[in-house]
Amino acid sequence: MKRGVRIGVDVGSVRVGVAASDPSGILASPVETVRRDQRSGTDLDRIVALVAEYEAIEVVVGLPRSLSGAEGAAAVAAREYAALLAERLGDSPHPVPIELSDERLTTVIAGRTLSQRGVRGKKHRAVVDQAAAVLILQAWLDAERSADQP
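Now for a look at the structure at hand. Computed from a predicted model, the values in this text were never measured in an experiment.

Side note on the packing of helix H1 (residues 42-53) against helix H2 (residues 73-91)
In a pair of packed helices, the angle between the axes and the distance between the axes together describe the arrangement.
Here is step 1 of the chain: One can describe the packing of H1 onto H2 by two numbers: an axis separation of 10 Å at closest approach and a directional angle of 55 degrees. One element, H1, and the other, H2, form an angle in the oblique class. Once H1 is placed against H2, the crossing between them reads as right-handed. When H1 is examined against H2, the residues Asp-43, Leu-44, Asp-45, Ile-47, Val-48 and Val-51 are found in contact with a partner set consisting of Tyr-81, Leu-84, Leu-85, Arg-88 and Leu-89.
Here is step 2 of the chain: When grouped by side-chain class, the residues that make up the contact of H1 with H2 number 8 nonpolar, no polar and 3 charged.

Shown next as structure tokens:
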């Protein structure tokens, strides 16, 4: 697996969770939650800035599929978001590729984990998207490392 930071993105209709890996691609950690701005795209600008700040070599966007693997409205929205992000990254001084990664149930799992740890209310809403981004990125990193091994 190529050395370098990866950025994980969990796209929601209100917030976007962002995570980053270490340069070795072993561990994903939360970065921040960005307020979604569908009018002017300041959320996309912030992610582009984070890609540059972390000197990321790739962005992994969660693709929400149903348990059967079908893609619904949320998956279409995630694909559209990834396309808009790719366009912005392509125009930036730090262009990087974007990968889509299956994220079935990551937000549900993240929410349950936070609740079990006693995180509730506004604090919960503020970090659940980051936690989901961590799960998306960590699963992708683990799969990539497994694919590299004989």
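Quick look at the pattern of salt bridges
Here is step 1 of the chain: Scanning all chains against the criterion turns up 6 salt bridges.
Here is step 2 of the chain: With its nearest N and O atoms 2.8 Å apart, the salt bridge here joins Arg-46 to Glu-32. One end of the pair, Arg-46, is in helix H1; the other, Glu-32, is in strand S3 (residues 28-35), and 14 residues separate them in sequence.
Here is step 3 of the chain: The partly exposed category is assigned to Glu-32, whose relative accessible area is 22%.
Here is step 4 of the chain: Its salt-bridge partner being Arg-36, residue Asp-43 comes within 3.4 Å of it at the nearest N-O pair.

A look at the pairing of strand S1 (residues 6-11)
Here is step 1 of the chain: Of all 6 residues that make up S1, 6 are buried, and the element is covered over most of its length.
Here is step 2 of the chain: Of the two faces of S1, the one carrying Arg-6, Gly-8 and Asp-10 and the one carrying Ile-7, Val-9 and Val-11 are both buried.
Here is step 3 of the chain: As paired strands, S1 and strand S4 (residues 58-63) are joined by 4 bridges and run parallel to one another. The residue of S4 that forms the bridge with Val-9 is Val-61.
Here is step 4 of the chain: Where S1 folds back onto strand S2 (residues 15-21) in an antiparallel hairpin, the turn is made up of 3 residues.

Some thoughts on the nonpolar core
Soluble globular proteins: nonpolar side chains tend toward being buried together.
Here is step 1 of the chain: Core analysis: the biggest nonpolar cluster contains 21 residues, and Ile-7, Val-9, Ile-47, Val-51, Val-59 and Leu-85 have the highest contact counts within it.
Here is step 2 of the chain: Considering each element in turn, this core owes the most residues, 5 residues, to H1.
Here is step 3 of the chain: Apart from the residues within four sequence positions on either side, Val-59 is in contact with Ile-7, Val-9, Val-51, Leu-85, Leu-89, Val-96, Pro-97, Ile-98 and Glu-99.
Here is step 4 of the chain: Residues Ala-28, Val-60, Leu-137 and Trp-140 belong to the second largest nonpolar core, which totals 9 residues.

Here's the deal with unusual backbone geometry
Here is step 1 of the chain: Phi angles above zero are rare outside glycine, and Glu-55 is one such case at about 50 degrees.
Here is step 2 of the chain: Within the secondary structure layout, Glu-55 lies in the loop between H1 and S4.
Here is step 3 of the chain: The exposure class of Glu-55 is exposed, given its relative accessible area of 59%.

Observations regarding the side chain of Gln-130
Here is step 1 of the chain: Examined against the element boundaries, Gln-130 turns out to sit in helix H4 (residues 121-148).
Here is step 2 of the chain: A distance of 3.0 Å separates the side chain of Gln-130 from the side chain of Thr-33, its partner in a polar contact.
Here is step 3 of the chain: Dropping the residues within four chain positions of it, Gln-130 is found in contact with Gly-17, Val-18, Pro-30, Val-31, Glu-32 and Thr-33.

Rules behind the numbers
For every chain, the first residue of its written sequence is number 1, and the numbers climb from 1 along that sequence. For a predicted model such as this one, the threshold for reporting local features is a pLDDT of at least 70, and the threshold for listing and counting side-chain atom pairs is 80 or more; totals across whole chains, interfaces and linings nevertheless cover every residue. To get the side-chain values, take all heavy atoms of the structure and skip hydrogens and water. In this analysis an axis means a line fitted to C-alpha atoms, helices contributing only their contacting stretch, and an angle means the value between N-to-C directions, from 0 to 180 degrees. Only runs of H or I of at least four residues qualify as helices and only runs of E of at least two qualify as strands under DSSP, and these elements are numbered from the N terminus. The cut-offs work like this: below 35 degrees is roughly parallel, past 145 is roughly antiparallel, 65 to 115 is roughly perpendicular, and the gaps in between are oblique. By convention the crossing between two helices is left-handed if the near helix lies anticlockwise of the far one by an angle smaller than a right angle, and right-handed if it lies clockwise. In what follows, residue pairs with any heavy atoms lying within 4.5 Å of each other are defined as contacts. Note on residue classes: Ala, Val, Leu, Ile, Met, Phe, Trp, Tyr, Cys and Pro are nonpolar, Asp, Glu, Lys and Arg are charged, and everything else, Gly too, is polar. Note on definitions: salt bridges are taken to be side-chain nitrogens of Lys or Arg within 4 Å of carboxyl oxygens of Asp or Glu. Burial classes: relative accessible area under 20% of the type maximum marks a residue as buried, over 50% as exposed, and values in between as partly exposed (1.4 Å probe, protein chains only). Two strands form a pair only when DSSP identifies at least two bridges running between them. Take the buried Ala, Val, Leu, Ile, Met, Phe, Trp, Tyr and Cys residues and link them wherever side-chain atoms come within 4.5 Å; each set so joined is a nonpolar core. What qualifies as a polar contact is a pair of N or O atoms within 3.5 Å, subject to a donor-acceptor requirement within protein and to the restriction that residues adjacent in sequence count only when both atoms come from side chains.

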